[in-house]
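Spelled out, the chains give:
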Amino acid sequence: MAALWPLPLLISGSLWACLAMNLPEPHNGPLLVGFNTSHVSPSADLPSALRVFSLDYHHVQAPFEIVLWIMLASLAKLGFHWSGRVPAVVPESCVLIMVGLLVGGVIYGVRHSAPPTLSADAFFLFLLPPIVLDAGYFLPGRLFFENLGTILWYAVLGTLWNVLGIGLSLYGVCLLAPSSLGDISLLHCLLFGSLIAAVDPVAVLSVFQEMHVNEQLHILVFGESLLNDAVTVVLYKLFESFLRLSSVTGLDVLVGGCRVVVVGLGGLFVGLFFGLVTALTSRFTSRAQVIAPLFVFLYSYLSYLTSEMLHFSGIMAIVTCAVTMKQYVEANVSEHSNTSIQYFLKMWSSVSETLIFIFLGVSTIQDIHMWSWPFVCSTLLLCLIWRTTGVLLLTAVVNKLRRNAVTFRDQFIIAYGGLRGAICFSLVFLIDDFPKKRLFITTTIVVILFTVFVQGMTIKPLVELLDVKRKKRALPTVSEEIHSRLLDHLLSGIEDVVGYWGQHYWKDRFEQFNRKYLRRVLIGEHHQARSSILRVYQELERREQRGEEEAPPVVDPRPSSRPLLPEEMDSIRRILSRNLQNFNNKQTPAYSRHTLHQNVTTDRMRKPLHRHLSLPLRCTYNTITHCPQREVGEFSKSYRGRARLSRSHTDLEHLFKELNVALYWHCPSNLTECERISREEW
């Protein structure tokens with residue numbers, strides 16, 4: 001029932017917006033577009049009689065309806081997260097689409113006309129950029145570049161495989177049914193194949209973030225869906241230009257192939273340029289930190305618009321811009337500005353994603369549907385077949401070149417996780433009018449609903465059934481990060497010695513170039529970290545902060561225990577004190593795998609090694625065993641003095657001392673873990 005409380009607000013807001021859109025014009029005369037009507041003439045604006053209350057909805061219609069839609073999306077998202085067990089069973093995208101279907105049905109019933117649809121310009125210019133910017137800014141750079149070859153292999157060759165396979169197969173289906181599908185040409189089938197092969201990063205992100213799969217699988221699916229869109233949009237525009245030609249020659253195909261390369265590389269260089277400009281600008285924001293986050297959003301959006309203006313890949317541009325500027329911007333701006341950037345990007349992308357799924361449901365309620373069982377069923381089946389065969393064949397080749405092979409379980413999840421979404425839905429409305437355009441729209445909606453509902457709802461049980469490796473919840477420590485970098489330097493040195501220019505070699509060369517030139521130019525002197533360990537620590541701190549903000553609240557399933565009685569506390573103190581005294585009196589020989597075994601007499605003379613020996617005492621012991629003979633006496637006197645003091649402590653103080661040592665060696669990360677360890681040790 002908790003999930004249903006926003007629905008009355010959603011329906012009432014939608015009804016009010018629909019009724020308000022049908023209000024009559026309050027003005028009797030014509031309006032001057034682009035001017036304020038209060039400055040036209042005094043006689044035209046003076047009412048016939050003064051009114052205490054008046055209504056002028058058309059004056060605020062556009063912003064008012066935009067706010068209503070955003071409010072609808074936010075309430076739907078809020079209701080989803082307060083719906084108890086629903087998020088564990090149904091993905092968020094499915095619930096939002098169902099809300100959109102409900103709202104679209106209400107609007108259609110009230111107005112007796114089709115509800116408003118999401119235009120392609122609104123999607124590509126306003127809703128898609130914040131989602132891609134958020135994905136690029138928080139992209140795990142190390143994993144992405146380590147798997148970049150595999151991601152490009154899937155995104156480029158896999159997309160070509162799916163587009164050509166689906167397009168040619170659908171053309172064969174049209175030839176087999178000439179009576180109903182005979183007027184669909186080969187280029188129309190290839191055009192439809194290019195848009196239906198687009199794996200939507202919005203749908204993929206919304207599903208895979210809830211499953212917490214392992215990092216390699218997540219980056220392969222997400223990176224492929226991100227770059228897949230750039231390839232499919234380019235291929236869509238290429239086939240669209242072929243359709244507008246009277247005849248297509250071999251030279252046109254060659255020029256089209258060159259155009260695909262130019263569009264991708266053009267978006268890459270545009271994003272790289274704006275990313276460096278953003279980093280350079282952020283260096284001089286120390287005296288105006290309030291507007292520092294604004295440059296991140298403006299330059300990123302400007303890179304997207306510039307690429308679209310030059311007919312380059314806007315998705316490639318904004319991803320490259322985000323990846324390029326991230327490390328320099330984070331080093332230049334303050335912690336408050338970094339927090340503002342992170343929160344605003346998450347909020348912006350979340351609102352855009354929610355609006356997209358709601359409009360997908362609303363736009364499904366239309367009067368323009370055309371149905372054909374052979375075409376719709378063949379499209380669904382061909383999308384699954386060609387994606388599965390493409391993943392299996394391409395992975396069989398790429399596994400011969402990878403050190404960490406992609407397992408068969410991961411291949412199944414990659415093939416099954418090809419969800420369609422708003423990208424193909426927006427592209428299908430851009431097709432020039434022809435007799436079967438409505439059939440293309442209906443088929444696209446069916447494919448989106450099937451992939452989001454059927455595949456999106458069943459992929460999580462399949463991940464659990466196949467026992468796919470999950471992501472580690474704990475973030476890497478400073479020690480792990482330093483050791484991984486040490487291994488990177490070691491491998492790059494080995495590649496340099498043997499004369500092999502692999503990824504570690506080029507990564508090391510880029511780090512040297514970055515440290516010598518880029519960081520000195522793009523990062524202010526007062527923000528330069530003097531130590532690489534300090535940079536690692538700062539990066540892990542930011543990563544831990546983002547992880548705590550995004551992680552769901554942890555609920556302790558254990559029942560709350562009653563407080564201990566005073567006599568129970570006294571009994572526990574006596575038992576623990578007696579056991580700890582017996583443990584301290586026990587003689588245990590020390591063992592080190594770095595030294596040889598000594599004789600029995602030496603072992604008997606060695607000091608006892610306690611299980612919870614604190615760090616200062618351990619350091620004292622190591623100093624005593626390794627210092628010259630003349631200094632042993634001084635250390636022995638001080639150690640015996642501390643021992644006499646410890647023996648004079650009460651049992652309770654001794655107990656709490658041991659508890660403190662145990663907490664020190666367990667290293668709790670928060671108060672909840674500290675309380676749990678204390679209860680266990682007590």
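Residues numbered from 1 in each chain as written. Predicted model: local features only at pLDDT ≥ 70, side-chain atom pairs only at ≥ 80, totals over all residues. Heavy atoms only, no water.

A. Highlighting the packing of aromatic side chains. A complete count under the given rule lists 23 aromatic pairs for this structure. Seen from their ring centres, Phe123 and Phe124 are 5.0 Å apart, and the 80° between their planes marks the pair as edge-to-face. Using a relative accessible area of 13% as the deciding quantity, one classes Phe124 as buried. Ring centres of Phe513 and Tyr517 lie 5.3 Å apart, and the angle between their planes is 45°; on these two criteria the pair is classed as tilted. Within this pair, Phe513 and its partner Tyr517 are both found in helix α22 (residues 503-522), separated by 4 residues, close to a single helical turn. Residue Phe513 is classed as partly exposed on the basis of its relative accessible area, which comes to 41%. Sitting over the ring of Phe138, Lys346 keeps its end group 4.4 Å from the ring centre. (Phe/Tyr/Trp six-rings, centres within 6.5 Å; stacked < 30°, edge-to-face > 60°. Buried < 20%, exposed > 50% of the residue type's maximum accessible area, 1.4 Å probe, protein only. Helix = DSSP H or I, 4+ residues; strand = E, 2+ residues; numbered from the N terminus. Lys NZ or Arg CZ within 6 Å of the ring centre and 35° of its normal.)

B. Layout of helix α10 (residues 186-196). Here α10 lies mainly inside the structure; 9 of its 11 residues are buried. Every buried residue of α10 is listed here: His188, Cys189, Leu190, Leu191, Phe192, Gly193, Ser194, Leu195 and Ile196. Lining the buried residues of α10 we find α8 (148-176), α12 (215-243), α17 (373-398), α19 (422-429) and α20 (437-465). (Contact = heavy atoms within 4.5 Å.)

C. Representation of the pattern of salt bridges within the structure. What the rule picks out here adds up to 12 salt bridges. Across the pair Asp488 and Lys507 runs a salt bridge, and its minimum N-O distance is 3.3 Å. Taken together, the residues span a long stretch of sequence, with Asp488 in helix α21 (residues 478-498) and Lys507 in helix α22 at a distance of 19 residues. Among the residues examined, Asp488 registers a relative accessible area of 12% and is labelled buried. Three or more residues joined by partner-sharing salt bridges are found here, namely Arg142, Glu146, Asp488 and Lys507. (Salt bridge = Lys/Arg side-chain N within 4 Å of Asp/Glu carboxyl O.)

D. Broad picture of the confidence of the model for the protein. Taken residue by residue, the protein gives an average pLDDT of 77. The fraction at 70 or more is 71%. Across residues 14-44, where pLDDT falls below 50, the model places 31 contacts with residues more than four positions away in sequence or in other chains. A low-confidence stretch, residues 583-649 stays under pLDDT 50, and its non-local contacts, those more than four residues away or across chains, total 41 contacts. (pLDDT = per-residue confidence, 0-100.)

E. The arrangement of helix α14 (residues 292-309) in detail. Along its 18 residues, α14 runs 26 Å from first to last C-alpha, staying within 8% of the 26 Å computed at 1.5 Å per residue. Listed in full, the buried residues belonging to α14 are Ala292, Pro293, Val296, Phe297, Tyr299, Ser300, Ser303, Tyr304, Thr306 and Ser307. Next to the buried residues of α14 lie α6 (120-137), α13 (250-282), α15 (314-332) and α16 (335-364). Just past α14, the residue His311 takes up positive phi, approximately 60°. (Expected span 1.5 Å × (residues − 1).)

F. Quick peek at the packing of α6 against α15. Across the interface, α6 lies against α15 with an axial gap of 8 Å and an inter-helix angle of 45°. In terms of orientation, α6 and α15 fall into the oblique class. Between α6 and α15 lies a crossing whose hand is right-handed. Across the interface between the two elements, Leu128, Pro129, Val132, Leu133, Gly136 and Tyr137 from α6 touch Ile315, Ile318, Val319, Ala322, Val323, Met325, Lys326, Val329 and Glu330 from α15. Classifying every residue of the contact of α6 with α15 gives 12 nonpolar, 1 polar and 2 charged. (Axes fitted to C-alpha atoms, helices over the stretch in contact; angles between N-to-C directions. Parallel < 35°, antiparallel > 145°, perpendicular 65-115°, else oblique. Left-handed = near helix turned anticlockwise from the far one by under 90°. Nonpolar A, V, L, I, M, F, W, Y, C, P; charged D, E, K, R; others polar.)

G. Layout of the nonpolar core. Grouped together as the largest cluster of nonpolar side chains are 128 residues, with contacts concentrated most on Trp69, Phe123, Leu195, Phe208 and Phe375. For this core, the element with the most residues is α12, which contributes 15 residues. For Phe375, the residues in contact, after removing those within four places along its chain, are Leu170, Cys174, Leu181, Ile184, Phe192, Leu439, Phe440 and Thr443. The next biggest cluster of nonpolar side chains, apart from the first, holds 6 residues, and it includes Ala279, Tyr328, Ala331 and Ile523. (Core = buried A, V, L, I, M, F, W, Y, C linked by side-chain atoms within 4.5 Å.)

H. Just the state of the cysteines, in detail. One pass over the structure, following the stated rule, counts 0 disulfides. Sulfur of Cys424: no disulfide; nearest cysteine sulfur belongs to Cys383 and is 8.8 Å away. (Disulfide = S-S within 2.5 Å.)

I. Broad picture of the packing of α14 against α15. Axis separation between α14 and α15 bottoms out at 8 Å; the angle between their running directions is 155°. Between α14 and α15, the angle is such that the two are roughly antiparallel. For the pair α14 and α15, the crossing hand works out as right-handed. Contacts between α14 and α15 involve Val296, Tyr299, Ser300, Ser303, Tyr304, Ser307 and Glu308 on the former and, on the latter, Gly314, Ile315, Ala317, Ile318, Cys321, Met325 and Val329. Of the residues assigned to the contact of α14 with α15, the class counts are 9 nonpolar, 4 polar and 1 charged.

J. Fine view of the environment of Gln411. Relative to the elements of secondary structure, Gln411 occurs in helix α18 (residues 408-416). On the basis of relative accessible area, Gln411 is assigned to the buried category, the value being 10%. Residues Gln411 and Leu217, spaced 194 residues apart in sequence, show a C-alpha to C-alpha distance of 8.8 Å. Apart from the residues within four sequence positions on either side, Gln411 is in contact with Val391, Leu392, Thr395, Asn399 and Val406. Side-chain polar atoms of Gln411 contact the backbone oxygen of Val406, separated by 3.1 Å. (Polar contact = N/O pair within 3.5 Å; in protein donor to acceptor, adjacent residues only side chain to side chain.)

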